[in-house]
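Each chain is listed here by its residues.
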Amino acid sequence: MSAAASRRPLSAASAAATGGNRAVMNIGEVLAELKGDFPQVSASKIRFLEEKGLITPRRTAAGYRKYTDADVDRLRFILALQRDQYLPLKVIKDYLDAVDRGEHPESLPGGLTLTPRSVSDQLAQELAGHTRPLTRAELQGISGATTQLLDSLEQFGMVSPDENGRYSEHALKATRSAVVLAAHGLEPRHLRPFRAAADRELGLIERATASLATRKDAAANARMADAARELSEACLGLHSALVAAAVADLDT
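Residues numbered from 1 in each chain as written. Predicted model: local features only at pLDDT ≥ 70, side-chain atom pairs only at ≥ 80, totals over all residues. Heavy atoms only, no water.

As named in an unreviewed UniProt entry, the protein is MerR family transcriptional regulator, taken from Citricoccus zhacaiensis.

## Quick notes on the overall build of the protein
Scanning the protein from N- to C-terminus turns up 13 helices and 2 strands. Looking at the 252 residues of the protein, the share that counts as buried comes to 33%. Here the contacts in the protein between residues at least 6 apart in sequence split such that 62% fall between residues at least 24 apart. Accessible surface, the protein: about 14,100 Å² in total, of which carbon and sulfur atoms supply 55%. (Helix = DSSP H or I, 4+ residues; strand = E, 2+ residues; numbered from the N terminus. Buried < 20%, exposed > 50% of the residue type's maximum accessible area, 1.4 Å probe, protein only. Contact = heavy atoms within 4.5 Å. Areas by Shrake-Rupley, 256 points an atom, 1.4 Å probe, with all protein chains shown as cover.)

## A closer look at helix α9 (residues 147-155)
Each α-helix turn comprises 3.6 residues. Residues three or four places apart therefore point the same way. Buried residues of α9: Leu149, Leu150, Ser152 and Leu153, and no others. One side of α9 holds all its buried residues, which, seen down the axis, span an arc of 160°. Along α9, exposed side chains directed more than 90 degrees from the buried face belong to Gln148 and Gln155. Buried residues belonging to α9 abut α8 (136-143) and α10 (169-183). (Arc of directions from axis to C-beta.)

## Examining the nonpolar core
Grouped together as the largest cluster of nonpolar side chains are 28 residues, with contacts concentrated most on Val30, Leu34, Ile46 and Ile92. If you list the elements that add at least two residues to this core, you get α3 (27-34), α4 (43-51), α5 (69-85) and α6 (89-100). For this core, the element with the most residues is α5, which contributes 7 residues. In contact with Val30, other than residues within four places in its own chain, are Met25, Ile46, Tyr67, Val72 and Leu75. Counting 13 residues, the second-largest nonpolar core is a separate cluster that includes Leu134, Leu139, Ala171 and Leu191. (Core = buried A, V, L, I, M, F, W, Y, C linked by side-chain atoms within 4.5 Å.)

## Observations concerning the environment of Asn164
For Asn164, the position within the fold is in the loop between α9 and α10. The exposure class of Asn164 is exposed, given its relative accessible area of 60%.

## Side note on a nonpolar patch on the surface
Among the surface-exposed residues, Val243, Val247 and Leu250 lie close enough to one another that they form a single nonpolar patch of about 290 Å² accessible area. Along the chain, Val247 falls in helix α13 (residues 218-249). (Patch = residues over 30% accessible without salt bridge, like charges linked within 9 Å, V, L, I, M, F, W, Y side chains within 5 Å. Salt bridge = Lys/Arg side-chain N within 4 Å of Asp/Glu carboxyl O.)

## Let's talk about the pattern of salt bridges
In the structure shown here, the tally under the stated rule is 10 salt bridges. In this structure, the salt-bridge partner of Asp94 is Lys90, at a minimum N-O distance of 3.2 Å. Within this pair, Asp94 and its partner Lys90 are both found in helix α6, separated by 4 residues, close to a single helical turn. Under the relative-accessibility criterion, Lys90 is labelled exposed at 52%. With a closest N to O distance of 3.0 Å, Asp199 and Arg195 form a salt bridge. Highlighted residues: Asp199 and Arg195, both in helix α11 (residues 192-208), separated by 4 residues, approximately one helical turn. By relative accessible area, Asp199 is classed as partly exposed at 41%. In this structure Arg195 comes out as partly exposed when scored by relative accessible area, which is 31%. Look at the salt bridges and you will find they share partners, linking Glu50, Arg59 and Arg65 into a network.

## So, the layout of surface pockets
Within this model, the largest pocket holds a volume of roughly 1,500 Å³. What lines the largest pocket is a set of 32 residues, and nearest its centre among them are His170, Ala198, Glu201, Ser232 and Leu236. With 11 residues, the single largest contributor to the lining of the largest pocket is α13. Residue classes in the lining of the largest pocket are distributed as 20 nonpolar, 7 polar and 5 charged. Here the second largest pocket is characterised by a volume of approximately 410 Å³. Gln40, Val41, Lys45, Leu79 and Arg229 are, among the 16 residues lining the second largest pocket, the residues nearest its centre. Listed by contribution, the elements that provide at least two residues to the lining of the second largest pocket are α5 and α13. Looking at the lining of the second largest pocket element by element, the count peaks at 6 residues for α13. When its residues are assigned to classes, the lining of the second largest pocket shows 7 nonpolar, 4 polar and 5 charged. (1 Å grid on protein atoms, 1.4 Å probe; cavity = no way out; pocket = protein on both sides within 12 Å on 5 of 7 lines; lining within 4 Å. Points joined across faces, edges and corners; volume = space filled by probe spheres on them. Nonpolar A, V, L, I, M, F, W, Y, C, P; charged D, E, K, R; others polar.)

This is the structure:
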């Protein structure tokens, strides 16, 4: 792990306090620092994060933004939580606000138990159990799915490989869930309502974010992605609450 990756990101106040004693970067240099881990990051994305209050770079007398190493650490932390944990910016901001107030939250957003620090690829994997795309054999080995079960999951649209025949972490989660359900006699053909419900929820999310989709700049794309994550989390929370309430009624 690099020295930058092993540093804890400073709070906003600490970063500002140390900025005068550290080399500063312009936004182009910050992008160069981040591109290796986050190739899709753009200047508009960084400005959007500033607009949302997640990062506060220093300004020169002429109004130009100047970033310290601590600002870059903080950006890595935010971007990795978005990419690997799929957390809305509001959740990440609430956590960072607590750090900025001098508090020491016991867990990261999403219930993760790591101290706030810069996020390397290795740490990103720790954050979300994020893995590289899996071969079919690896997917079966990790999930415990039989060939027949995986064939059926693909047939009914529950999982699908990418153009290289590899499977994402989402496919792994879906396959693991299907293995548990199959042990209780629920085969993939019984799970089609889940696919239909997911498609309907996606339709709701697309409708709710349609106004943001009309603009094609990076900042608008970032707003749309963050809104979609927040809506997705709300849909999952509602679904989980409704099922949990119905299951609780079984005990009465």
